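# A structural walkthrough
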Amino acid sequence: MDFTNEKKKQNNIGPNLGLLGLVILLIIVVFYVIFVHLPYNDHQRELDAVRTSIIEKDKLNYDGYFNEYNRSKTYYIITAKIKGKKTYLAYDTKKKLVDKYDHSPVSKKTIIADVENRAKESVSTKDIEIGYEDDEFRYVVKYQTDQALNYFYYTLDGKFVKQYRL
């Protein structure tokens, strides 16, 4: 029996497994870049272009909040200073102004307190976005638990509207 050939075969297994691992890792990275990273970056660039277009078209004094709100219809929510007052503006996909809200909204802390009281689960301000639905601006609280994806909807003056648990 020739043990030298058997030993050479065993010595080649380690480098071959390492090479196979690198090839698999490369495939995963390429898949991620092509199907996740590039589409995400393209979408972000599109949103930046929409925001810039709205700001320039209406000559807005942008106040730092922009959100694409997708439900049955898509709206772009943006905040701007108008006559020194923070104002929420809703635009449709044609970049046409649909509605504005220039009152002082209830604080996010008040909304969080009500959600935590109703759901008995903790949420944070990062779980809250401003949307536009049923011809009205809304706070939308979206958070995930082990059991479900939860949505709470409030008017900007703090009135509870509806809740979904998926």
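Up top you'll find the structure we're talking about.
Residues numbered from 1 in each chain as written. Predicted model: local features only at pLDDT ≥ 70, side-chain atom pairs only at ≥ 80, totals over all residues. Heavy atoms only, no water.

## Describing the pairing of strand S1 (residues 62–70)
Defined as follows: We treat two strands as partners when DSSP finds at least two bridges between them. Secondary structure elements follow DSSP: runs of H or I of four or more residues count as helices, runs of E of two or more count as strands, with numbering from the N terminus.
Inspection of the sheet shows S1 paired to strand S2 (residues 74–82) by 6 bridges, in the antiparallel sense. Pairing of Phe66 across the sheet is with Ile78, part of S2. Connecting S1 to the antiparallel partner S2 that follows it, the hairpin turn spans 3 residues.

## Quick word on the pairing of strand S3 (residues 85–91)
Each regular strand shows side chains that alternate between the opposite faces of the sheet. Note the cut-off: Only protein chains enter the area calculation, which uses a 1.4 Å probe; residues under 20% of their type maximum are buried, those over 50% are exposed, and those in between are partly exposed.
Counted residue by residue, S3 has 5 buried out of 7 residues, so it is predominantly covered. Bridge analysis of S2 against S3 gives 7 bridges, and the strand direction is antiparallel. If you follow Lys81 over to S3, its bridge partner there is Lys86. Hairpin connection of S2 to S3: 2 residues between the antiparallel strands, including Lys83 at a positive phi of 55°. Looking at chain direction, S3 and strand S4 (residues 97–101) are connected through 4 bridges and run antiparallel. Of the residues in S4, the one forming a bridge with Ala90 is Asp99. Hairpin geometry of S3 and S4 is characterised by an intervening segment of 5 residues between the two adjacent antiparallel strands and by a positive phi of about 65° at Lys95.

## Points about the side chain of Arg138
Using the following cut-off: As used in this structure description, the phrase polar contact means that two N or O atoms lie within 3.5 Å; if the pair is within protein, one of them must be able to donate a hydrogen and the other to accept it, and residues adjacent in sequence are counted only when both atoms belong to side chains. Contacts are assigned to residue pairs with any non-hydrogen atoms lying within 4.5 Å of each other.
Note that Arg138 resides in strand S6 (residues 136–144). Looking at Arg138, its side chain comes within polar contact range of the side chain of Glu136, at 3.2 Å. Discounting residues that sit within four places of it in the chain, Arg138 has contacts with Glu129, Ile130, Gly131, Glu133, Tyr154, Thr155, Leu156, Val161 and Lys162.

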